[in-house]
Amino acid sequence: MTCKGKLIIILLGPPGAGKGTQAKLIENKYNIPHISTGDILRDAIDKNSTLGKNANDYMHKGELVPDDLVFDLIKERVENPDCKYGALFDGFPRNLAQAKMLMNIQYVKQSKNFFVFLINISDDEAIRRLSNRRYCPKCKSIYNLIHKIPERKKNGIYLCDNCGTELIIRDDDKVETIKNRLKVYHESAEHMINFFKELSVLHIITNSIEQDVFRDITRIIEAESTLEKD
Ligand code: ADP
Ligand code: ZN
């Protein structure tokens, strides 16, 4: 599928809604880069860059990183040539200020194909999913001990199907931090969601099974966009 005009997609939803999984599917189908602010920030922490040093404390507590750090990161990222035909944002925007900032950048203003999808799941479901999540520190693959179980185990520790590295629980997937992330989500998401609703760009997805969510998303994009089949 190629685009007449840029395709910009935003995935919203509580932690655990499956934004990352949908992002991978969408990225493959529409050939637009997956921009995950969470991944970019974790990368910065691994590299111990200035951005990483500034973001570290907030992330470990499950708090939002200050908006100006995120703004700079996004502005720089969309300048990359791979964003020429569009981009898919996952984990950004996170609050009303970030949403307004996004709508104000030239890059977004030029797009005729702009979609915001809210994937809704309950807090209980979010906790169940996140506490069962395992993460490969090397290739960043994500597994789930409920429905995406890694094939191999060594000394009681699951190994990455992809690269064999021992899987870990991300610091922010520990139960106390999950609860805090949900609290932060509820506090900051409501105004942002209303903002997108008023712009008539919001689509609420109520299905929660992976394949159904993806089917709903692609149907909406294909019905409402100016995309062309190759
Ligand atoms: P999740 O959506 O599952 O919470 P992410 O990987 O998107 O996970 O984010 C992990 C952490 O990174 C957040 O708890 C927050 O500290 C930080 N973060 C990511 N994106 C943003 C953002 N847009 N604004 C502020 N902080 C962010
Ligand atoms: Zn791996």
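This write-up is about the structure you can find in this document. (Residues numbered from 1 in each chain as written. Chains lettered and ligands numbered in written order. Predicted model: local features only at pLDDT ≥ 70, side-chain atom pairs only at ≥ 80, totals over all residues. Heavy atoms only, no water.)

## Some remarks on the overall build of the protein
Just so we agree on the cut-off: Helix and strand definitions here come from DSSP, where helices need a minimum of 4 consecutive H or I residues and strands a minimum of 2 consecutive E residues; each element is numbered from the N-terminal end. Within these notes, the globule rule equals 2.2 Å times the number of residues to the 0.38 power, and the radius of gyration is based on C-alpha atoms. Between buried and exposed lies partly exposed: a residue is buried under 20% and exposed over 50% of the maximum accessible area for its type, with that area taken using a 1.4 Å probe on protein chains only.
Along the protein, the regular secondary structure elements total 9 helices and 9 strands. On C-alpha atoms alone, the protein measures out to a radius of gyration of 17 Å, which is about the 17 Å that the 2.2 N^0.38 rule sets for 230 residues. The principal-axis extent of the C-alpha atoms belonging to the protein is close to 50 × 35 × 35 Å. In the protein, which comprises 230 residues, the proportion classed as buried is 47%.

## Comments concerning the sheet that holds strand 9 (residues 202-205)
One key point about sheets: their strands pair by backbone hydrogen bonds, in either a parallel or an antiparallel sense. As a reminder of what qualifies: A pair of strands is labelled paired if DSSP reports no fewer than 2 bridges between them. For helices, the fitted line uses only the C-alpha atoms of the stretch in contact; every axis is such a line through C-alpha atoms, and the angle between N-to-C directions lies from 0 to 180 degrees. The contact definition used throughout considers only heavy atoms, calling two residues in contact when any of these lie within 4.5 Å.
The strand order across the open sheet formed by 5 strands is 2-3-1-4-9, and the pairing between neighbours is parallel. Since the sheet does not close on itself, it has two edges, and those belong to strand 2 (34-36) and strand 9, each with one partner. Between one strand axis and the next, the sheet turns by 20° as a mean value, whatever way the strands run. Sheet strands in contact with helix 1 (residues 19-30) are strand 1 (7-12), strand 2, strand 3 (86-90) and strand 4 (113-119), and its direction is about 165° off that of strand 1. Seen against the sheet, helix 9 (residues 210-224) touches strand 1, strand 4 and strand 9 and runs at an angle of roughly 155° to strand 4.

## Observations regarding the coordination of the zinc ion (ligand 2)
Cut-off, in case you're wondering: Listed donors are limited to N, O and S atoms within 2.8 Å of the metal, widened to 3.2 Å for Na, K and Ca; water is not among them, so incomplete-looking sites are possible. In this scheme the shape depends on donor count and angles: four donors with every angle between 85 and 135 degrees give tetrahedral, four or six donors with opposite pairs above 155 degrees and others between 65 and 115 give square planar or octahedral in turn, and any other case is irregular.
Bound to the zinc ion (ligand 2) are the protein donor atoms C136 (SG), C139 (SG), C160 (SG) and C163 (SG), situated 2.3 Å from the metal. Given 4 donor atoms and angles of 102 to 118° at the metal, the environment of the zinc ion (ligand 2) is assigned as tetrahedral. Between the donor residues of the zinc ion (ligand 2), the gaps in sequence give the motif C-x2-C-x20-C-x2-C. With C136 in the loop between strand 5 (133-135) and strand 6 (142-144) and C160 in the loop between strand 8 (157-159) and helix 8 (175-198), this pair connects stretches of sequence that are 24 residues apart. On the basis of relative accessible area, C136 is assigned to the buried category, the value being 0%.

## Observations concerning the site of ligand 1
Note the cut-off: In this text, near means that some heavy atom of the residue lies within 4 Å of the molecule or strand in question. In the analysis that follows, any N or O atom pair within 3.5 Å is treated as a polar contact, provided that within protein one partner can donate a hydrogen and the other can accept it, and provided that, for residues neighboring in sequence, both atoms belong to side chains. Surface accessibility follows the Shrake-Rupley procedure with a 1.4 Å probe radius. Residue values consider only the protein chains on display as shielding. Note on residue categories: nonpolar means Ala, Val, Leu, Ile, Met, Phe, Trp, Tyr, Cys or Pro, charged means Asp, Glu, Lys or Arg, and polar means any other residue, Gly included.
Taken together, 19 residues lie near ligand 1, and T37, E63, G91, Q98 and R181 sit nearest. R42 has a polar side-chain atom sitting 2.9 Å from an oxygen atom of ligand 1. V65 is positioned with one of its backbone polar atoms (N or O) 3.0 Å from a nitrogen atom of ligand 1. Considering ligand 1 on its own, with 540 Å² of exposed area, one finds that the protein chains cover 95% of that surface. Classifying every residue of the shell around ligand 1 gives 7 nonpolar, 4 polar and 8 charged.

## Regarding the nonpolar core
Soluble globular proteins tend to pack their nonpolar side chains together in the buried interior. Applied cut-off: Here, nonpolar core refers to any group of buried Ala, Val, Leu, Ile, Met, Phe, Trp, Tyr and Cys residues whose side-chain atoms link them within 4.5 Å.
If you look at the biggest cluster of nonpolar residues, it comprises 35 residues, and the most contacted ones within it are L12, I74, F89, F114 and F196. Secondary-structure elements contributing two or more residues to this core are strand 1, helix 3 (50-61), helix 4 (67-78), strand 3, helix 5 (96-104), helix 6 (106-109), strand 4 and helix 8. Discounting residues that sit within four places of it in the chain, F89 has contacts with I8, I9, I10, L11, I35, I74, V78 and L102. The next biggest cluster of nonpolar side chains, apart from the first, holds 23 residues, and it includes I9, L11, Y30 and V213.

## As for the packing of aromatic side chains
Going by this rule: To pair, rings of Phe, Tyr and Trp, with the six-membered ring standing in for Trp, must have centres within 6.5 Å; the planes then decide the type, stacked if under 30 degrees apart, edge-to-face if over 60, and tilted in the middle. As a reminder, the over-ring test applies to NZ of lysine and CZ of arginine, requiring each to be within 6 Å of the ring centre and within 35 degrees of the ring normal.
Taken as a whole, this structure holds 3 aromatic pairs when the rule is applied. Arranged with centres 5.9 Å apart and planes meeting at 55°, the rings of F89 and F92 form a pair that is tilted. Neither F89 nor F92 differs from the other in exposure class; each is buried. The ring of Y107 has K6 sitting right over it, with the charged end atom 4.3 Å from the ring centre. K148 extends its terminal NZ or CZ atom over the ring of Y143, reaching a point 5.1 Å from the ring centre.

## A few points about the environment of C139
Note that C139 resides in the loop between strand 5 and strand 6. C139 sits 25 residues away from G164 along the chain, and the two C-alpha atoms are 9.7 Å apart. What C139 contacts, discounting residues up to four positions off in sequence, is C160, N162 and C163.

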